[in-house]
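As a plain string of letters, each chain reads:
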Amino acid sequence: MKKILLFTISFLIFVSMKAQDKNELPGDTSLPSSPEEFEAIAKLDEGNYKYSVEDYFAKPKQFSFQFSPDGKYFSYREKDKNGKSHVFVKNTETDKITKVVEEKEELLRGYGWVNNKRLIYAKDKGGDENYQLFAVNIDGSNDKCLTPFDNVKAGIINTLKEQPDFMIIQLNKNNPQIFEPYKINVNTGELTLLYENKNVTTPIAGYEFDKDGELRGYVQQENGTDYHYYYRTSEKKPFKKILTTSWEDNFSILSFNYKTKYKHDAYVQTNLYNNTNEIVLYDLKKNKVIKKVYSNPTFDVGGLRLSKKRAYEIDYFSYNGEKRHIEPVSDAYKKLHAKFKKQFGDKQFSISDVTDDENKFLLSVGSDKLYGTYYFYDATKDSFKKILDVMPQLIEDDMAEMRPIKFKSRDGLMIYCYLTVPNGIKRGEKVPLIVNPHGGPYGVRDSWGFNPETQLFASRGYATLQVNYRGSGGYGKEFFLAGNKQIGRKMLNDLEDAVAHVKKEKWIDNDRIAIYGGSYGGLATLGSLVKTPDLYTCGVDYVGVSNLFTFFDAFPPYWKPYLGQVYEQWYNPEDENDKKIMKEVSPALNVDKITKPLFVIQGANDPRVNIEESDQIVNNLRERGFDVPYMVKYNEGHGFGHEGNRIELYKTMMGFFAKHLKDKEVK
């Protein structure tokens, strides 16, 4: 029973409560800066650079490779001259290629195979995240919208291998506050409601279906803080409550144990018995742990892989530590892992896709310096074939190193970070630093690997510091809960302590430090400019919250049952002490303390961080006489998906950093 609700900015979905005419643009349209202003800022990024912004942020020519389940077809997305990325299907026997989905004005947000003859894909409207599902045949025929409902959000719960014409999805079609599961025919769009979710005060927060489409359990939420887990032993039996946890706990079914005839065993990821998330084999009928199967004392275990071909044998466990770690389990996978390790050396590799017969593997290979390379591995021939480098223009030897580092915070917490270092730093040279807090904030983390942002920054001579501050995911329950009610407070202390730690590197220029972040990272950027104005030279706020009061007020009705968790994890505006703190840590209410230059970026249709958040900070600062460049795109949501918008954003950002982080003679 997966708790699918996480109250983090990166997962929070909400809409503005302000009614707008369909033809009215969101926000205050008098605030955004002009294209000419952005062009002038971008021109400040002068230098004889080997790589352009486009080299890092233009969409790859080809990407999103997938096998059909039987391996007879191979699909991918390919970009045309206009920057649109369509879906193509290649017959692996005849090499015939067919364009099956054309990306038009609205971006394709993802696609995949339903069965050997049909694909599914998703679109929304301008980044509003009300996703609609579509399906199409491999020859491009019968292209059909499966969920043609306005202001309804669709999500996929389960694919059904044994029922290839069907999937299980969830929709908030009957009540915008509640999601219910449906079985959908991917050819006709016919929907069958599988379970009613009627009680708004105690809504079902997640459903647990098995591989055959049987609803085995569900999670009911209460008071915004408690979760009741229900399970039934057969479709003829009633659901019975087996467990109650709080939002602080994790109890998530990764997979039922199909290796045994006893159908009530499941592999569960949980932190009920340990500080870190571990995997246990759990008897849901008897409501007890059978055995612990995998854990790590420092890092949360991330998952497991089962082999359908070999009767659902466990192939490996994995977790994300300072780098990603795979722990081989089955004899069959141990042999494969050894072959992959020999072929790819110290590079990180992962299985991106595999055919049902497990004879063809699609492998993704990368590192901190390698964007990504794809290989075919044919198990019947024991042969590797390189498909392509996703970003061949980025030469691996030219890229910057991403170094895992760690330190103790001022109150004794171990904090894990990544420091990306520009190549070729000369003795005695000092380089500017960009602090880049991740979004979330809760349950999310930065990881080791290729990051186009930090590589772009390094190409311009900037070091980048990414901090997994308290509250980040992956480091156990105690570290996660240490972030409670610390937005604008100890979370920012962790950033400051991280900066103090890397200042010990003699090549960091202590007088040229910027902060930039998106989503919660934007709030952290603004909060840092308020809390420690002398530490940072400038800041960039990308779709960030600025006022916790208006942020909470923008929640739609279907989030209200979950406010209990928000109030315990964030702050409670009904509590006088919390209300006082909210005022202190809401940057839009403390703009008098901001003294350094700021660049603000916003998607107008953002359903997570409403445009009012950025409008407030820009308007309040301009009223004080600040010159605040403000970029708004009216076809974007929570982050820029359109290639042209993204490139303009980073060109402007590079010009902004050049203006404030580089000496005039350095340009």
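Residues numbered from 1 in each chain as written. Predicted model: local features only at pLDDT ≥ 70, side-chain atom pairs only at ≥ 80, totals over all residues. Heavy atoms only, no water.

## Here's the deal with the sheet that holds strand E24 (residues 348–354)
Sheets are built from strands that pair by backbone hydrogen bonding, the pairs being arranged parallel or antiparallel. The test is simple: Between any two strands, pairing holds if DSSP finds at least two bridges. Secondary structure follows DSSP: runs of H or I at least 4 residues long count as helices, runs of E at least 2 residues long count as strands, and numbering of each begins at the N terminus. Interaxial angles span 0 to 180 degrees and are taken between N-to-C directions of axes, which are lines fitted to C-alpha atoms, for helices over the stretch in contact. We call two residues in contact when some of their heavy atoms are within 4.5 Å.
Strand order in the open sheet made by the four strands is E24-E25-E26-E27, with antiparallel pairing throughout. Edge strands, defined here as strands with exactly one partner in the open sheet, are E24 and strand E27 (383–389). Direction aside, neighbouring strands of the sheet carry axes that sit 30° apart on average. Pairing geometry for strand E25 (residues 360–366) and strand E26 (residues 373–378), over six bridges, is antiparallel. Across the sheet, residue Phe361 finds its bridge partner in E26, namely Tyr377. With respect to the sheet, helix H3 (residues 331–344) is in contact with E24, E25, E26 and E27, its orientation differing from that of E24 by roughly 125°.

## Section: helix H6 (residues 490–502)
Using the following cut-off: What a helix is expected to span follows from its residue count: subtract one and scale by 1.5 Å. For every residue, the accessible area (1.4 Å probe, protein chains only) is compared with the maximum for its type, and the residue is labelled buried under 20%, exposed over 50%, or partly exposed between those bounds.
If you check H6, its first and last C-alpha atoms are 18 Å apart, about what 13 residues at 1.5 Å a residue would give, namely 18 Å. Burial analysis of H6 places ten of its 13 residues in the buried class, the great majority of the element. For H6, the complete set of buried residues consists of Met491, Leu492, Asn493, Asp494, Leu495, Glu496, Asp497, Ala498, Val499 and Val502. The secondary structure elements touched by the buried residues of H6 are strand E28 (401–408), strand E29 (414–421), strand E30 (431–435), strand E31 (463–468), strand E32 (508–518) and helix H7 (520–531).

## A word on the nonpolar core
Our working rule: Each nonpolar core is a collection of buried residues, namely Ala, Val, Leu, Ile, Met, Phe, Trp, Tyr and Cys, held together in the definition by side-chain atoms within 4.5 Å.
Core analysis: the biggest nonpolar cluster contains 96 residues, and Leu433, Leu465, Tyr536, Leu548 and Ile617 have the highest contact counts within it. The contacts of Leu548, once residues within four sequence positions are left out, are Leu523, Trp570, Tyr571, Met582, Val585 and Ser586. By size, the runner-up hydrophobic cluster in this structure holds 43 residues, among which are Tyr374, Met391, Phe450 and Met654.

## Considerations on the pattern of salt bridges
The line we're drawing: One speaks of a salt bridge when a side-chain nitrogen belonging to Lys or Arg is within 4 Å of a carboxyl oxygen belonging to Asp or Glu.
Applying the stated rule across the entire model yields 34 salt bridges. For Glu643, the salt bridge goes to Lys79, with nearest N and O atoms at 3.0 Å. Of this pair, Glu643 sits in helix H12 (residues 643–661) while Lys79 sits in strand E2 (residues 73–79), and the two are 564 residues apart along the sequence. Accessibility expressed as a relative area gives 15% for Lys79, which makes it buried. Here Lys490 ties to Asp411 by a salt bridge, and the two come within 3.9 Å at their closest N and O atoms. One end of the pair, Lys490, is in helix H6; the other, Asp411, is in the loop between E28 and E29, with 79 residues separating them in the sequence.

## Structural notes on unusual backbone geometry
Following Gly440, the chain continues into Pro441 via a peptide bond in cis, with omega recorded as 0°. With respect to the helices, strands and loops of the structure, Pro441 is situated in the loop between E30 and helix H4 (452–459). The phi angle at Asn142 is positive, at roughly 50°, despite the residue not being glycine. Position of Asn142 relative to the elements: it lies in the loop between strand E7 (132–137) and strand E8 (144–145). Look at Ala311: it is not a glycine, yet its phi comes out positive at around 55°. Relative to the elements of secondary structure, Ala311 occurs in the loop between strand E21 (301–307) and strand E22 (313–320).

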